[in-house]
Amino acid sequence: MKIKDNSVLITGGASGIGKIMGRMALEKGARMLIIWDINQAGIDTAVAELSAKGQVKGVRVDVSDYDNVKAAYASTVEACGEVDIVINCAGIITSNKTFDRVDVSEIDRTMRINTIAPMYVALQALPDMKRRGKGHVCNIASAGGMLSNPKMSVYAASKWAVIGWSDSVRIELQDEHSGVHFTTIAPYYINTGMFDGVKSPIIPILDPTKTAAKILRAIEHDKHFKGIPFGFHFIRFWQFILPTRLFDFFFGKVFGIYHTMDNFVGRK
């Protein structure tokens, strides 16, 4: 679905890759950029910066609260018109603790924001999109939803769930011959501050601007699934081919992925 002349709603759009995608969407000719974020100061800054490029609306939303999402979506449509493209980008990672040291509140927050929130948003967007026979929902998952990784078990669980949910809805829409599309994105670590301290000796940490451009291209080409970098499409293949010990050795030790979170500090 083309970005040009369509409205784009981005959750977590006041910072990081969400903000970058918002800027690029306006540069591509989006009719309206709608930024949903929980950080009001970030929203104000993003709206001020991006308004020179086109129409921008900022809304403070806690995407983990269904009632808040429902009310915010209704007010957004009333103020901005129909939403054509939704990018579920809001996400968190709380720590690099092993699972036995994780607090219950970390589990709840991570699953609610990373997994349940995209469902809440899609529940609001889908009926309108299906009624109009057009629309696109893009869900930013993670390579961590394709490859198990120590010291991020709850985050990985939240992203595995997003991938399963997002692709299941894609198939439902496909079976209905709907004009609405779902895209699932599974990027490696992106250099936005969210994963500060992560060390990846062989596989490069992704450039946020280049990654944002790839995500928007995937939407415009109605891609079903996109792993970034491309090599991550083959993870499932190697998991099928290799015995677990060999898979762990090559991906965990040779590629160093199982130790990427050792020095994680993240973004406050």
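Relevant structure appears above.
What you see is a predicted model; the values in this text were computed from it and never measured.

Draft legend 1. Main features of the packing of aromatic side chains. In total, this model carries 13 aromatic pairs according to the counting rule given. For the ring pair Phe247 and Phe251, a centre distance of 4.4 Å and an interplane angle of 25° mean the geometry is stacked. In this pair, Phe247 and Phe251 both sit in helix 8 (residues 244-254), four residues apart, roughly one turn of the helix. When its relative accessible area of 6% is taken as the criterion, Phe247 is described as buried. A connected cluster of aromatic rings, assembled from ring pairs, spans Tyr155, Tyr188, Tyr189, Phe195, Phe232 and Phe264. A cation sits over an aromatic face here: Arg236 above Trp160, 5.2 Å from the ring centre.

Draft legend 2. Spatial organisation of the nonpolar core. Core analysis: the largest hydrophobic core is formed by 57 residues, its most contacted members being Met21, Ile87, Phe195, Ile215 and Phe232. Looking at this core element by element, the count peaks at six residues for helix 1 (residues 16-27). In this structure Ile87 touches Val8, Leu9, Ile10, Thr11, Met21, Cys138, Ile140, Leu216 and Ile219, once residues within four positions along its chain are discounted. Counting 27 residues, the second largest nonpolar core, distinct from the first, contains Trp36, Val69, Tyr120 and Val180.

Draft legend 3. Structural view of the state of the cysteines. Applying the stated rule across the entire model yields zero disulfides. Here Cys80 is not disulfide-linked; the sulfur of Cys89 is the nearest cysteine sulfur, at 19 Å. Note on Cys89: no disulfide assigned, nearest cysteine sulfur contributed by Cys138 at a separation of 8.5 Å. Under the relative-accessibility criterion, Cys89 is labelled buried at 15%.

Draft legend 4. Structural context of the pattern of salt bridges. Under the criterion given, the structure shown has 14 salt bridges. The salt bridge involving Arg23 is made with Glu27; its shortest N-O contact spans 3.2 Å. A residue pair is termed a helical-turn pair when its members lie 3 or 4 positions apart in one helix, as Arg23 and Glu27 do in helix 1 at four residues. The partly exposed category is assigned to Glu27, whose relative accessible area is 44%. Between Arg31 and Asp84 there is a salt bridge whose closest N-O contact spans 3.9 Å. Taken together, the positions of Arg31 in the loop between helix 1 and strand 2 (32-37) and Asp84 in the loop between helix 3 (66-80) and strand 4 (85-88) put the pair 53 residues apart, joining distant regions of the chain. For Arg31, a relative accessible area of 36% puts it in the partly exposed group. One salt-bridge network, held together by shared partners, links Arg31, Glu82, Asp84, Asp128, Arg131, Arg132 and Lys134.

Draft legend 5. Geometry of the pairing of strand 1 (residues 7-11). Most of strand 1 is tucked away, with five of its five residues classed as buried. Alternating positions in strand 1 separate into two faces, Ser7, Leu9 and Thr11 on one and Val8 and Ile10 on the other, with burial throughout. Taken together, the five bridges between strand 1 and strand 2 define a ladder with parallel strand orientation. Bridging from a neighbouring strand, Thr11 pairs with Trp36 of strand 2. For the crossover that starts at strand 1, traverses helix 1 and ends in the parallel strand 2, the hand is right-handed.

Calculation rules
Each chain has its residues counted from 1, following the order in which its sequence is written. In view of the model being predicted, local features appear only for residues whose pLDDT reaches at least 70, and side-chain atom pairs are presented and counted only at 80 or more, with totals across whole chains, interfaces and linings using the full set of residues. Neither water nor hydrogens contribute to the side-chain values; these are computed over all heavy atoms in the structure. Aromatic pairing here means that ring centres of Phe, Tyr or Trp (its six-membered ring) are within 6.5 Å. Orientation follows from the plane angle: under 30 degrees is stacked, over 60 is edge-to-face, and everything else is tilted. A run of H or I in DSSP becomes a helix once it reaches four residues, and a run of E becomes a strand once it reaches two; helices and strands are each numbered from the N terminus. Partly exposed residues are those whose accessible area sits between 20% and 50% of the maximum for their type, while under 20% is buried and over 50% is exposed, using a 1.4 Å probe and protein chains only. Cation placement over rings: the criterion is NZ of Lys or CZ of Arg within 6 Å of the ring centroid and within 35° of the ring normal. Take the buried Ala, Val, Leu, Ile, Met, Phe, Trp, Tyr and Cys residues and link them wherever side-chain atoms come within 4.5 Å; each set so joined is a nonpolar core. Residues are treated as being in contact if the distance between any of their heavy atoms lies within 4.5 Å. Any cysteine sulfur atom paired with another within 2.5 Å is treated as part of a disulfide. Each salt bridge in this description consists of a side-chain nitrogen of Lys or Arg and a carboxyl oxygen of Asp or Glu lying within 4 Å of one another. We treat two strands as partners when DSSP finds at least two bridges between them. Every crossover in which the path from the first strand over the helix to the second runs clockwise, viewed with the strands pointing away from the viewer, is termed right-handed.

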